[in-house]
Amino acid sequence: MILQHYELDDTVMRTTESEVLLKNEKSLVEVDKGTLAVAVKSEGQPRGFVFQGKGKLVLDTIVETDEGAIGEPIERDLDKPFLVLGYTAKSGGSLAVAAKEDLEKAGYTDPKLFLEKAGSVLDRFGGRGKINDCGCSSEGGNLVFAFQNEMGRLDLLVVSRSRLVYKASGVVFVADGDKTILKSPRHIALSKPNRHITYCM
Amino acid sequence: MSDELKDEMKKLKEQITAMKDQLKQMVDEQRPKGRGIYIDIPSPVRDYVEDAMQGVAEGVHGELERSIFIGPRGCRIMRHGPPEMEEPEEKVSFDKVAAVMSALGHEHRLKILSELMSGGKYVNELQEKLSEITTSTLSSHLNVLEEAGLVVQEKVRGRYLVTIPGRTAYKMARRVTRFLEMRDQE
């Protein structure tokens, strides 16, 4: 196990245009222009960001079987601070230093208040300096998202090329190419080409 | 022990051995040829088994009479599942039943379901297959099917997929129609 010392940068930034952080066949994460951002660093290198602003998460937690489709898509507004590791400005992000007005739009009178909130997300994810190295880098194509849910817990989305794992309250969804697994409060479904198992509760 | 008593015991042993051999021979004569264990079932048990077997045979005969439907296009075997418990009336939400039936109750929507039975499709693919339906009408029909829970749309790619209830409802509608057609042809 390699523990990385993750820390937040001191500068609050903002997106200068809408950014697609993740897009593949089953998931989409994007943030609007003007979203606040602070870099997450390790050994002086940018490793990710904590964003806050207007954004959305779309996830097709649907399993296709010969009997029909099971599950339904998830569509969520991202208005609370969330963490993404593996996405850096080098990946194509357009960022500028946030002005006072940008912070005020997000409800902050002081940049320190935003940094405190962003720090609490990072701490809850694993604690600054205690996070296991997830192999996330802009070159590796691995992304880890941590979204705050209504119950104050973190929903996790891990993406590694064609593989995707989503773990939220009551829902686990795993996709690897055409193999999918869904566990929701109503269903358990496993599917791969020509084979599937479904269980409705 | 006296010699007389010893002789007496020897004779008795010989008699027992002879009786054993005789009994074995009798059993061997009655045993059917071939391998296996032979059990002599008493006649009351045999009668009971025969009666039971006759009951089973009559049951199978009756079931076959109910299951085989001979129509103008030949013989059709209809499978009967286990007897279903009748659902209590109060548990049936007729509003929901009516909504599903209403969603099914349009030729275009049935055609859409039929197309989706072979796999998920984008709107333009459906449009291509169902050229007699205009784009706006197709979109409206898809909304009706989605609201009834018969189809689901992927939000990222946008494909439409038929759900398990959708597939079941479509098959049920077809089965009922086929049954009525066969009855009319009688």
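One can find the structure itself at the top, above this paragraph.
In this text the structure is predicted, and so the values were computed from the model without any measurement. Position numbers for residues start from 1 in each chain and track the written sequence from start to end. Chains and ligands are labelled sequentially in the order written, the chains with letters from A and the ligands with numbers from 1. At least 70 in pLDDT is required for a residue's local features to be given in this predicted model, at least 80 for side-chain atom pairs to be given and counted, and no such filter applies to totals for whole chains, interfaces and linings, which use all residues. With hydrogens and water set aside, each side-chain value is computed from the structure's full complement of heavy atoms.

1. Re the overall build of chain B
Part 1 of the reasoning: Helix numbers and strand numbers start at the N terminus; a helix is a DSSP run of H or I with at least 4 residues, a strand a run of E with at least 2. In terms of helices and strands, chain B carries seven helices and four strands.
Part 2 of the reasoning: For chain B, the succession of helices and strands along the chain, N to C, is α-α-β-β-α-α-α-α-β-β-α.
Part 3 of the reasoning: Only protein chains enter the accessibility calculation, which uses a 1.4 Å probe; a residue is then buried when its area is under 20% of its type maximum, exposed when over 50%, and partly exposed in between. A total of 186 residues make up chain B; the buried ones form 20% of that total.
Part 4 of the reasoning: Working rule for contacts: check all heavy atoms of both residues, and any pair within 4.5 Å makes them a contact. The contacts of chain B with a sequence gap of at least 6 include a subset with a gap of at least 24, amounting to 47%.
Part 5 of the reasoning: As presented, chain B carries roughly 14,900 Å² of accessible surface, and 55% of it is formed by carbon and sulfur atoms. Exposure was quantified through the Shrake-Rupley algorithm and a 1.4 Å probe, taking into account, for residues, occlusion by the shown protein chains and nothing else.

2. With respect to the interface of chain B and chain A
Part 1 of the reasoning: Opposite the 13 residues of chain B that make contact, chain A presents 18 residues.
Part 2 of the reasoning: Buried area counts how much accessible surface, traced with a 1.4 Å probe, disappears from two parts once they are put together, with both parts' losses summed. Sorting the residues of chain B by area buried against chain A places Lys 155, Val 156 and Ile 164 of chain B first, and these three jointly supply 47% of that buried surface.
Part 3 of the reasoning: The term salt bridge refers to a side-chain nitrogen of Lys or Arg lying within 4 Å of a carboxyl oxygen of Asp or Glu. Our count for the chain B to chain A interface comes out at two salt bridges.
Part 4 of the reasoning: Two N or O atoms count as a polar contact when they lie within 3.5 Å, although within protein this holds only if one can serve as hydrogen donor and the other as acceptor, and sequence-adjacent residues are included solely when both atoms are side-chain atoms. Applying the counting criterion to the chain B and chain A interface returns six residue pairs in polar contact (both at pLDDT 80 or more).
Part 5 of the reasoning: Of all the secondary-structure elements, those providing two or more residues to the side of chain B that touches chain A are β3 (151-153), β4 (160-162) and α7 (164-185) of chain B.
Part 6 of the reasoning: Looking at the side of chain B that touches chain A residue by residue, the classes come out as five nonpolar, three polar and five charged. Under the scheme applied here, ten amino acids are nonpolar (Ala, Val, Leu, Ile, Met, Phe, Trp, Tyr, Cys and Pro), four are charged (Asp, Glu, Lys and Arg), and all others, including Gly, are polar.

3. Re the packing of aromatic side chains
Residue and element names in this part refer to chain A.
Part 1 of the reasoning: Classification of ring pairs rests on two measures: the distance between centres of Phe, Tyr or Trp rings, Trp counted by its six-membered ring, which must be within 6.5 Å, and the angle between planes, read as stacked under 30 degrees, edge-to-face over 60 and tilted in between. One pass over the structure, following the stated rule, counts seven aromatic pairs over all chains.
Part 2 of the reasoning: Centroid distance Phe 82 to Phe 147: 5.4 Å. Interplanar angle 40 degrees. Geometry classified as tilted. Of the two residues, Phe 82 is situated in strand β10 (residues 82-85) and Phe 147 in strand β13 (residues 142-148); the sequence distance between them amounts to 65 residues.
Part 3 of the reasoning: Classification of Phe 147 by relative accessible area gives buried; the value is 1%.
Part 4 of the reasoning: Between Tyr 108 and Phe 114 the ring centres are 5.5 Å apart and the planes differ by 65 degrees, which places this aromatic pair in the edge-to-face class. This pair shows no difference in class: Tyr 108 is buried, exactly as Phe 114 is.
Part 5 of the reasoning: An aromatic cluster is present here, built from Phe 49, Phe 51, Phe 82, Tyr 87, Phe 145 and Phe 147 joined pairwise through their rings.

4. Observations regarding helix α4 (residues 107-116) of chain B
Residues and elements named next belong to chain B.
Part 1 of the reasoning: Arg 109, Ile 112, Leu 113, Glu 115 and Leu 116 are the residues of α4 that are buried. Along the axis of α4, the buried positions cluster into a sector of 160 degrees, meaning they face one direction only.
Part 2 of the reasoning: Packing partners of the buried residues in α4 comprise α3 (94-104), α5 (123-129), α6 (135-147), β3, β4 and α7. Working definition: the arc comes from the directions between the helix axis and the C-beta atoms, pointing outward to the latter.

5. Observations regarding the nonpolar core
Part 1 of the reasoning: Counting 31 residues, the largest nonpolar core has Leu 21, Val 29, Phe 82, Phe 145, Leu 157 and Tyr 166 of chain A as the members making the most contacts within it.
Part 2 of the reasoning: Those residues within four positions of Val 29 of chain A in sequence are excluded, and the remaining contacts are Glu 19, Val 20, Leu 21, Leu 22, Lys 56, Leu 57, Leu 78, Phe 82, Phe 145, Phe 147 and Leu 157 of chain A. Buried Ala, Val, Leu, Ile, Met, Phe, Trp, Tyr and Cys residues that are joined via side-chain atoms within 4.5 Å together make up what is termed a nonpolar core.

6. Thoughts on the pairing of strand β16 (residues 171-176) of chain A
As a general feature of sheets, a regular strand has side chains that alternate between the two faces.
Residues and elements named next belong to chain A.
Part 1 of the reasoning: Judged by which residues are buried, β16 turns out to be one-sided: Val 171, Phe 173 and Ala 175 face inward and are buried, whereas Val 172, Val 174 and Asp 176, on the alternate face, are not.
Part 2 of the reasoning: Taken together, the six bridges between strand β15 (residues 163-168) and β16 define a ladder with antiparallel strand orientation. Note that in β16 the partner of Tyr 166 across the bridge is Phe 173.
Part 3 of the reasoning: Two strands make a pair as long as DSSP finds a minimum of two bridges between them. Connecting the antiparallel pair β15 and β16 is a turn made up of two residues, with Gly 170 showing a positive phi of about 80 degrees.
Part 4 of the reasoning: As defined by bridge partners, β16 adjoins strand β17 (residues 179-183) across five bridges and the pair is classed as antiparallel. Bridge pairing links Val 174 to Ile 181 in β17.
Part 5 of the reasoning: In textbook terms, the turn of a hairpin is the stretch between consecutive antiparallel strands, and for β16 and β17 this stretch comprises two residues, one of which, Gly 177, has a positive phi near 65 degrees.

7. Some points on the packing of α4 of chain B against α6 of chain B
All names here are of chain B.
Part 1 of the reasoning: Only the contacting stretch of a helix is used when fitting its axis, a line to C-alpha atoms as for every element, and angles between N-to-C directions run 0 to 180 degrees. Remark: α4 packs on α6, axes separated minimally by 10 Å, with the N-to-C direction vectors making an angle of 75 degrees. Relative to α6, the element α4 lies roughly perpendicular. Here His 108, Arg 109, Ile 112 and Leu 113 of α4 come into contact with α6, specifically with Thr 137, Leu 138, His 141, Leu 142, Val 144 and Leu 145.
Part 2 of the reasoning: When grouped by side-chain class, the residues that make up the contact of α4 with α6 number six nonpolar, three polar and one charged. Angle categories are assigned with fixed cut-offs, so that under 35 degrees is roughly parallel, over 145 is roughly antiparallel, 65 to 115 is roughly perpendicular, and the rest are oblique.

8. Here we look at the sheet that holds strand β4 (residues 19-23) of chain A
Residue and element names in this part refer to chain A.
Part 1 of the reasoning: With antiparallel pairing, the four strands of this open sheet are ordered in space as β4-β5-β8-β9. Two strands lie at the open edges of the sheet, namely β4 and β9 (68-77), each paired on one side alone. Averaged over neighbouring strand pairs, the angle between their axes works out to 10 degrees when direction is ignored.
Part 2 of the reasoning: With five bridges connecting them, strand β5 (residues 27-31) and strand β8 (residues 55-65) associate as antiparallel partners. Counted as the bridge partner of Val 29 is Leu 57 from β8.

9. Examining the environment of Arg 109 of chain B
Residue and element names in this part refer to chain B.
Part 1 of the reasoning: Take Arg 109: it is sitting in helix α4.
Part 2 of the reasoning: Taking C-alpha positions, Arg 109 is 13 Å from Gln 127, a pair spaced 18 residues apart along the chain.
Part 3 of the reasoning: Look past the residues within four positions of Arg 109 in its chain and what remains in contact with it is Ser 102, Ala 103, His 141, Val 144 and Leu 145.
Part 4 of the reasoning: Polar side-chain contacts of Arg 109 include one of 2.7 Å to the backbone oxygen of Ala 103.

10. Quick word on the packing of α3 of chain B against α7 of chain B
All names here are of chain B.
Part 1 of the reasoning: For the pair α3 and α7, interaxial distance at closest approach is 11 Å and the crossing angle is 70 degrees. When the axis of α3 is compared with that of α7, the two are roughly perpendicular. When the axes of α3 and α7 are compared, the crossing they make is right-handed. Every residue of α7 that contacts α3 at Val 100, Met 101 and Leu 104 is listed here: Ala 169, Tyr 170, Met 172 and Ala 173.
Part 2 of the reasoning: In terms of residue class, the contact of α3 with α7 is built from seven nonpolar, no polar and no charged. Here a crossing is called left-handed whenever its near helix is offset anticlockwise from the far helix by less than a right angle, and right-handed whenever the offset is clockwise.

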